Amino acid sequence: MTIKNILLVDDSKTELHHLSELLTKKGFGVRTAENGEEAWKRLEEGVPDLILMDVVMPGQNGFQLTRAITRDERYAKVPVIMCTSKNQETDKVWGMRQGARDYVVKPVNGDELLAKIKALG
């Protein structure tokens, strides 16, 4: 599967802007959501090829949202990369248990993120 369209889920407008810019410069289509509710709306509008998921957000956190998305048969094939400031090994293990395919720690290293996206595609 080639990754072309990415859904960014993060409650930080700064982070959304930074990652959107990085990804659009590399030719990806990017849509954004600032919380779990918005993320579900974006998914219903169109299934992305990849989801970049923050963890710490108001309402449903990224771990809960990842678990719900990856267990929903409509979206189960969409890979999720956790993209968070939570840098403990236990956080990474928990994120992967929720269904994430990979884990990136903020501040995001653009080259590292692009390599992880390429590895999935």
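Quick note: structure is the one above.
Just so you know, the residues in each chain are numbered from 1, in the order the chain's sequence is written. The predicted nature of this model means local features are confined to residues of pLDDT at least 70 and side-chain atom pairs, given and counted, to a pLDDT of 80 or more, with totals for whole chains, interfaces and linings taken over all residues. Side-chain descriptors were evaluated using all non-hydrogen atoms of the structure, hydrogens and water having been removed beforehand.

**Q** Even after reading the chapter, I still don't get helix 2 (residues 36-45), so can you show me in this structure?
**A** Note: α-helices contain 3.6 residues per turn, so residues at a spacing of three or four share the same orientation. For helix 2, the set of buried residues is Gly36, Ala39, Trp40 and Leu43. An end-on view of helix 2 places all buried positions within 100 degrees of arc, on one side of the element. The outward face of helix 2, more than 90 degrees from its buried face, is lined by the exposed residues Glu37 and Glu45. A contact between two residues is defined here by any heavy atoms of the two lying within 4.5 Å. Secondary structure elements follow DSSP: runs of H or I of four or more residues count as helices, runs of E of two or more count as strands, with numbering from the N terminus. Taken together, the buried residues of helix 2 touch strand 1 (5-9), strand 2 (29-33), strand 3 (50-53) and helix 3 (62-70). Pairing of N or O atoms within 3.5 Å defines a polar contact, subject to two protein rules: one partner must be a possible hydrogen donor and the other a possible acceptor, and residues neighboring in sequence count only if both atoms are side-chain atoms. In this structure Asn35 caps helix 2, since a side-chain oxygen of it lies 3.1 Å from the backbone nitrogen of Glu37. Remark: exposure states derive from per-residue accessible area (1.4 Å probe, protein chains only) relative to the maximum for the residue type, with buried under 20%, exposed over 50%, and partly exposed in between. It is the directions from the helix axis to the C-beta atoms that the arc portrays.

**Q** Would you explain the packing of helix 2 against helix 3 in this entry?
**A** Between two packed helices, both the angle of their axes relative to each other and the distance between the axes serve to describe the pair. Put simply, helix 2 and helix 3 touch, their axes get as near as 11 Å, and they point 25 degrees apart. Judged by the angle between their axes, helix 2 and helix 3 are roughly parallel. By crossing handedness, the relation of helix 2 to helix 3 is classed as right-handed. On helix 3, the residues touching Gly36, Ala39, Trp40 and Leu43 of helix 2 are Leu65, Ala68 and Ile69. Residues of the contact of helix 2 with helix 3, tallied by class, amount to six nonpolar, one polar and no charged. Axes here refer to lines fitted to C-alpha atoms; in helices the fit is confined to the stretch in contact. Angles between the N-to-C directions go from 0 to 180 degrees. Between 65 and 115 degrees an angle is taken as roughly perpendicular, under 35 as roughly parallel, over 145 as roughly antiparallel, and anywhere else as oblique. Throughout, a crossing is termed right-handed when the near helix is turned clockwise from the far one, and left-handed when it is turned anticlockwise from it by less than a right angle. Polar here means any residue outside two lists: the nonpolar Ala, Val, Leu, Ile, Met, Phe, Trp, Tyr, Cys and Pro, and the charged Asp, Glu, Lys and Arg; Gly therefore counts as polar.

**Q** Help me understand the environment of Pro48, please; the structure alone is not making it clear to me.
**A** Position of Pro48 among the secondary structure elements: in the loop between helix 2 and strand 3. With relative accessibility at 5%, the residue Pro48 sits in the buried group. Taking the C-alpha atoms as reference, Pro48 lies 16 Å from Glu34; in sequence the two are 14 residues apart. Every residue in contact with Pro48, bar those within four places of it in the chain, is listed here: Asn5, Ile6, Leu7, Arg31, Leu43 and Val78.

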